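Next come the chains, spelled out residue by residue.
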Amino acid sequence: MSRQPLRLGMIGGGEGAFIGAVHRMAAALDGEWRLTAGAFSTDIGRNGRTGEQLGLDPQRVYGSVDKMLAAEAALPAAARIDAVAIVTPNHLHASMAIAALRAGFHVFCEKPMAMSVAEAEAIAEAAQASGRRFALAFTYSGYPLVEEARARVARGDFGAVRLVQVEYLQGWLSQPIDTDGNKQAEWRTDPARAGLGGCLGDIGTHAFHLAEHVSGLRTEALSAELSIHVPGRRLDDDVSALLRFDGGARGTLKASQVAAGEENGLKLRVHGERGGLEWSQMEPNTLTLRWLDRPAEIVRANGPGLQQSTTGLLRIPAGHPEGYVEAFANLYRAFAAAIRGDGEGWFPGVPDGLRTMKFVEAVVTNAAADQKWTKIESGEKS
């Protein structure tokens, strides 16, 4: 018998929602998943229209998450969904993930994992008790040349890591669009739906995860500042942090959504004793290597010299750009393989979610303490 796609149910992601459509494209790209059911919106009309647009059986377009989980669990194993994708605002992640896991479904969840470390730990307990897989959408870790960077650092090409610098700059929240009816901005700046951090939770977590994932190091301590530049905004729109890693490496993290004119400027630099690397999300098919004793090297997607773990993430010949959706699809493909028992290809999961939630809480705690600055005397002569 031919292998059938795994069946996916989606929570959230109704018409007009950006990230739900991305999840659907990524899941479908390799033929490993087929969207089968959904509870896309609490708005009955919007929910039904989304299901119709996606060509779903109306009987499997559900008016609530509870109805979907109960109805799907009651179906024969060969017909019910295998996993749930959660693409809602942050405040719903924990309750929905726990409910889906307890109902017997694997979960692919948007980041951040939850609203707090306590909620993240509750998800972790539910995943362990259920024996189901839990994946997180730290999409940038799915880029092939991010894997190339990680593998080269792990192999020791640059010697012991000394410096890690990561920045994620956007400009889309430079104006108060969150109070002008922009729904994507509205919930991201609402503490009740976004959580402890605005920019911090939305893109700061991506930057932090990328830094630890590629460097292979864990952050031991940090000193941070959260800023609000747009008057009246309730959550940070700008983050700065100094990082101390295990083994003595030092780092900086900058994330901002008020860097006017920036699009999606995620960049990473890692330097060791003998050299370093640089990668940019807006030029994702290039990895630059720099050395003390020889000229810089440019490594290209599907070019020569790539690690085996990298080539397995590439789909098309050199010179044909692969991007965000393909990176996302790499996570869905690895998730499917783990569910099928076809191998343990890496994807972000419970440990990554717990780490990033601990980072968020540490930044908020440190920034609130406001005891990190030493004033420099003016030096003016009398």
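In this text the structure is predicted, and so the values were computed from the model without any measurement. (Residues numbered from 1 in each chain as written. Predicted model: local features only at pLDDT ≥ 70, side-chain atom pairs only at ≥ 80, totals over all residues. Heavy atoms only, no water.)

Trainee: Would you explain the sheet that holds strand S7 (residues 219–227) in this entry?
Mentor: Across a sheet, paired strands are connected by hydrogen bonds in the backbone, their directions being either parallel or antiparallel. Pairing within the open sheet is mixed, and its eight strands lie in the order S7-S8-S9-S6-S10-S11-S12-S13. Bordering the open sheet on either side are S7 and strand S13 (297–300), each of which pairs with just one other strand. Shown here is a sheet whose adjacent strand axes are inclined to one another by a mean of 15°, direction ignored. Note that strand S6 (residues 161–169) and strand S10 (residues 265–272) share eight bridges and pair antiparallel. Bridging across to S10, Leu 163 finds its partner in His 271. Across the sheet, helix H12 (residues 350–369) lies against S7 and strand S9 (250–256), angled at about 55° from S7, the strand it touches most. (Pairing = 2+ DSSP bridges. Helix = DSSP H or I, 4+ residues; strand = E, 2+ residues; numbered from the N terminus. Axes fitted to C-alpha atoms, helices over the stretch in contact; angles between N-to-C directions. Contact = heavy atoms within 4.5 Å.)

Trainee: Please clarify how the environment of Ala 369 should be interpreted in this entry.
Mentor: Along the polypeptide, Ala 369 turns up in helix H12. For Ala 369, a relative accessible area of 41% translates into the label partly exposed. Separated by 144 residues in the primary sequence, Ala 369 and Glu 225 have C-alpha atoms spaced 9.8 Å apart. (Buried < 20%, exposed > 50% of the residue type's maximum accessible area, 1.4 Å probe, protein only.)

Trainee: What's the story with the packing of aromatic side chains in this structure? I'm lost.
Mentor: What describes a pair of aromatic rings is the distance from one ring centre to the other and the angle between the planes of the rings. In the structure shown here, the tally under the stated rule is 14 aromatic pairs. Between Phe 158 and Trp 291, the aromatic rings sit 5.2 Å apart at their centres with planes inclined by 20°, giving stacked as the arrangement. Highlighted residues: Phe 158 in the loop between helix H6 (144–155) and S6 and Trp 291 in strand S12 (residues 286–291), separated in sequence by 133 residues. Clustering of aromatic rings is evident, with ring pairs tying together Trp 33, Phe 108, Tyr 140, Tyr 143, Tyr 168, Trp 279, Tyr 324, Phe 328, Tyr 332, Phe 335 and Phe 347. Above the plane of the ring of Trp 291 lies Arg 294, whose end atom (NZ or CZ) is 3.9 Å from the centre. (Phe/Tyr/Trp six-rings, centres within 6.5 Å; stacked < 30°, edge-to-face > 60°. Lys NZ or Arg CZ within 6 Å of the ring centre and 35° of its normal.)

Trainee: Whenever I open this one, the nonpolar core confuses me. Can you help?
Mentor: For soluble globular proteins, nonpolar side chains are generally found buried alongside one another. Counting 45 residues, the largest nonpolar core has Val 214, Leu 253, Val 270, Leu 277, Trp 279, Leu 287 and Phe 359 as the members making the most contacts within it. Take this core: its biggest share by element is eight residues, from helix H9 (residues 199–215). When near neighbours in sequence (up to four residues on either side) are disregarded, Leu 253 contacts Val 166, Gly 204, Ala 207, Phe 208, Val 239, Ser 240, Ala 241, Leu 243 and Phe 359. Core analysis: the next-biggest nonpolar cluster, separate from the first, contains 33 residues, Ile 86, Val 107, Ala 127 and Phe 138 among them. (Core = buried A, V, L, I, M, F, W, Y, C linked by side-chain atoms within 4.5 Å.)

Trainee: I keep staring at the environment of Asp 236 and nothing clicks. Help me out?
Mentor: Looking at the element boundaries, Asp 236 is found in the loop between S7 and strand S8 (238–245). Asp 236 gets classed as buried once you look at its relative accessible area, which sits at 6%. Through-space distance from the C-alpha of Asp 236 to that of Leu 200 is 7.0 Å; in sequence the pair is 36 residues apart. Non-local contacts of Asp 236, meaning those with residues more than four positions away in its chain, are made with Leu 196, Gly 197, Gly 198, Cys 199, Leu 200, Leu 226, Ser 227 and Ile 228. Of note is the side chain of Asp 236, whose polar atom sits 2.9 Å from the backbone nitrogen of Gly 198. (Polar contact = N/O pair within 3.5 Å; in protein donor to acceptor, adjacent residues only side chain to side chain.)

Trainee: It is not clear to me how the packing of H9 against H12 should be interpreted in this structure. Could you clarify?
Mentor: In helix packing, the relevant descriptors are the interaxial angle and the interaxial distance, both defined with respect to the helix axes. Put simply, H9 and H12 touch, their axes get as near as 10 Å, and they point 120° apart. Viewed along their axes, H9 and H12 adopt a mutual orientation that is oblique. Considering the relative orientation of H9 and H12, their crossing is right-handed. On H12, the residues touching Leu 200, Gly 204, Thr 205, Phe 208, His 209 and Glu 212 of H9 are Asp 352, Arg 355, Thr 356, Phe 359, Val 360, Val 363 and Val 364. For the contact of H9 with H12, the class distribution of residues is six nonpolar, four polar and three charged. (Parallel < 35°, antiparallel > 145°, perpendicular 65-115°, else oblique. Left-handed = near helix turned anticlockwise from the far one by under 90°. Nonpolar A, V, L, I, M, F, W, Y, C, P; charged D, E, K, R; others polar.)

Trainee: Where do I start with the sheet that holds strand S1 (residues 6–12) in this structure?
Mentor: Reading across the sheet, the five strands line up as S2-S1-S3-S4-S5 and stay open at both edges, with parallel pairing between neighbours. Whereas interior strands pair on both sides, the edge strands pair on one side only; in this sheet they are strand S2 (33–39) and strand S5 (134–136). Taken over all neighbouring pairs, the strand axes of this sheet differ in orientation by 25° on average, direction set aside. In this sheet, S5 lies alongside strand S4 (residues 106–109) in parallel orientation, the contact comprising three bridges. When the sheet's bridge partners are listed, Cys 109 is paired in S5 with Leu 136. Its contacts with the sheet place helix H11 (residues 324–340) against S1, S2, strand S3 (83–87), S4 and S5, and it is angled at close to 165° to S4.

Trainee: Help me understand unusual backbone geometry, please; the structure alone is not making it clear to me.
Mentor: Most of the time, phi is negative for any residue but glycine, and the peptide bond is trans. A cis amide bond links Lys 111 with the next residue in sequence, Pro 112, at an omega value of -10°. Position of Pro 112 among the secondary structure elements: in the loop between S4 and helix H5 (117–130).

Trainee: For this particular structure, what's the right way to read the environment of Glu 326?
Mentor: Summarising the element assignment, Glu 326 is placed in helix H11. The exposure class of Glu 326 is partly exposed, given its relative accessible area of 23%. Residues Glu 326 and Ala 296 lie 30 residues apart in sequence; the distance between their C-alpha atoms is 28 Å. Dropping the residues within four chain positions of it, Glu 326 is found in contact with Leu 29 and Arg 315.

Trainee: Looking at this structure, I do not really get helix H4 (residues 93–102). What am I missing?
Mentor: Counting along an α-helix, one turn takes 3.6 residues, and residues three or four places apart therefore face a common direction. Counting buried positions along H4 gives seven out of 10 residues, so the element sits mostly inside the fold. His 93, Ala 94, Met 96, Ala 97, Ile 98, Ala 100 and Leu 101 are the residues of H4 that are buried. Against the buried residues of H4 lie S1, helix H3 (65–74), S3, S4, H5 and S5.

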